[in-house]
Amino acid sequence: MTSTLGLPETIQACLFDLDGVVTRTAVVHAAAWKETFDAFLYTRGGDDFRPFDEAHDYGEYVDGRPRADGVRTFLASRGIELPEGEPGDPPDAATVHGLGNRKNELLLEKIRAQGVEPYDGTLRYIAAARARGLRTAIVSSSANTRDVLRSIDAEQLFEVRIDGVVAAERNLPGKPRPDTFLAAAHDLGVEPSRAAVFEDALAGMDAGRAGNFGYVVGVDRVGQTDALYTHGADIVVKDLADLADLTDGVDGGGRA
């Protein structure tokens, strides 16, 4: 049985990723990672320089992971190991945290220059979910989650926020581990089996499945439907408005 929102009737809460699900910032993240890694790889590779591939490397090694984990995972794919350094390392430091901070610096520059746009279909879906009494949480590895939500006037749509800041405070490992999603369900007072995860990242799919959540929705913005299913999605849609359209075509009444 499914509800009018395309979810099993047993679902009581919706746990949403931010970048690529609620906001159009995944492409900005990918561009910031590419600029960061390409500059670093060029200094090491010279004539053998092989650039960061946004189509493959971003989704496979970086997307959805905490910043430092993304650095480690991608560099490991190239056989590179760097000193960890410290969280406060300057962005020009040749350390894991230094590269991560350089990426964040570039990301914020791009956001300031380009702004942040929401996915209107997602906002309508969230409004419809709340109107039907479903609990809502935002779950993101980004330390900039609160500022991004405020910039699109959407902070009030979520009862609970588990982001990079909260994860660091609670010492929660990031995706593909399920701990941040589990923390969101706990804070909402809902069992994981009664919560749905909404993700566009492969690491997020892995987290949703590892946490034994009641339903895992993959949002395919970049043509990776098969991979999202392989990593654990119960259903994959292009936009969350399409998920509502699977049944009654619910419209949440516009932006809250």
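Just so it is clear, the structure is predicted and the values come from calculations on it, not from any experiment.

Across all of its chains, the model carries 18 salt bridges by this definition. The salt bridge partner of E159 is R135, with a shortest N-O separation of 2.6 Å. Of this pair, E159 sits in the loop between α6 (145–151) and β3 (160–162) while R135 sits in strand β2 (residues 135–139), and the two are 24 residues apart along the sequence. The class of E159 is partly exposed, set by a relative accessible area of 40%. In this structure R135 comes out as partly exposed when scored by relative accessible area, which is 31%.

Turning our attention to the confidence of the model for the protein. Per-residue pLDDT for the protein has a mean of 91; in total, 93% of the residues score no lower than 70. In this model residues 246–256 is a low-confidence stretch, pLDDT under 50, and it forms 27 contacts with partners more than four residues away in sequence or in other chains.

Turning our eyes to something else, we now look at helix α9 (residues 202–210). Along α9, the residues classified as buried are L202, A203, G204, M205, A207 and G208. As for α9, its buried residues are in contact with α2 (57–62), α8 (179–188), β4 (195–199), β5 (215–219) and α10 (225–230). Positive phi appears at N212, one or two residues downstream of α9, with a value of about 55°.

Here the focus is the nonpolar core. Residues L7, F16, V22, Y125, F198, V217 and L240 are the most contacted members of the largest nonpolar core, which totals 37 residues. At five residues, helix α5 (residues 120–131) tops the list of elements feeding residues into this core. Leave out the neighbours within four places in its chain, and F16 touches V21, V22, Y125, I126, T136, A137, I138, V139, F158, F198 and L240.

Calculation criteria
Residues numbered from 1 in each chain as written. Predicted model: local features only at pLDDT ≥ 70, side-chain atom pairs only at ≥ 80, totals over all residues. Heavy atoms only, no water. Salt bridge = Lys/Arg side-chain N within 4 Å of Asp/Glu carboxyl O. Helix = DSSP H or I, 4+ residues; strand = E, 2+ residues; numbered from the N terminus. Buried < 20%, exposed > 50% of the residue type's maximum accessible area, 1.4 Å probe, protein only. pLDDT = per-residue confidence, 0-100. Contact = heavy atoms within 4.5 Å. Core = buried A, V, L, I, M, F, W, Y, C linked by side-chain atoms within 4.5 Å.

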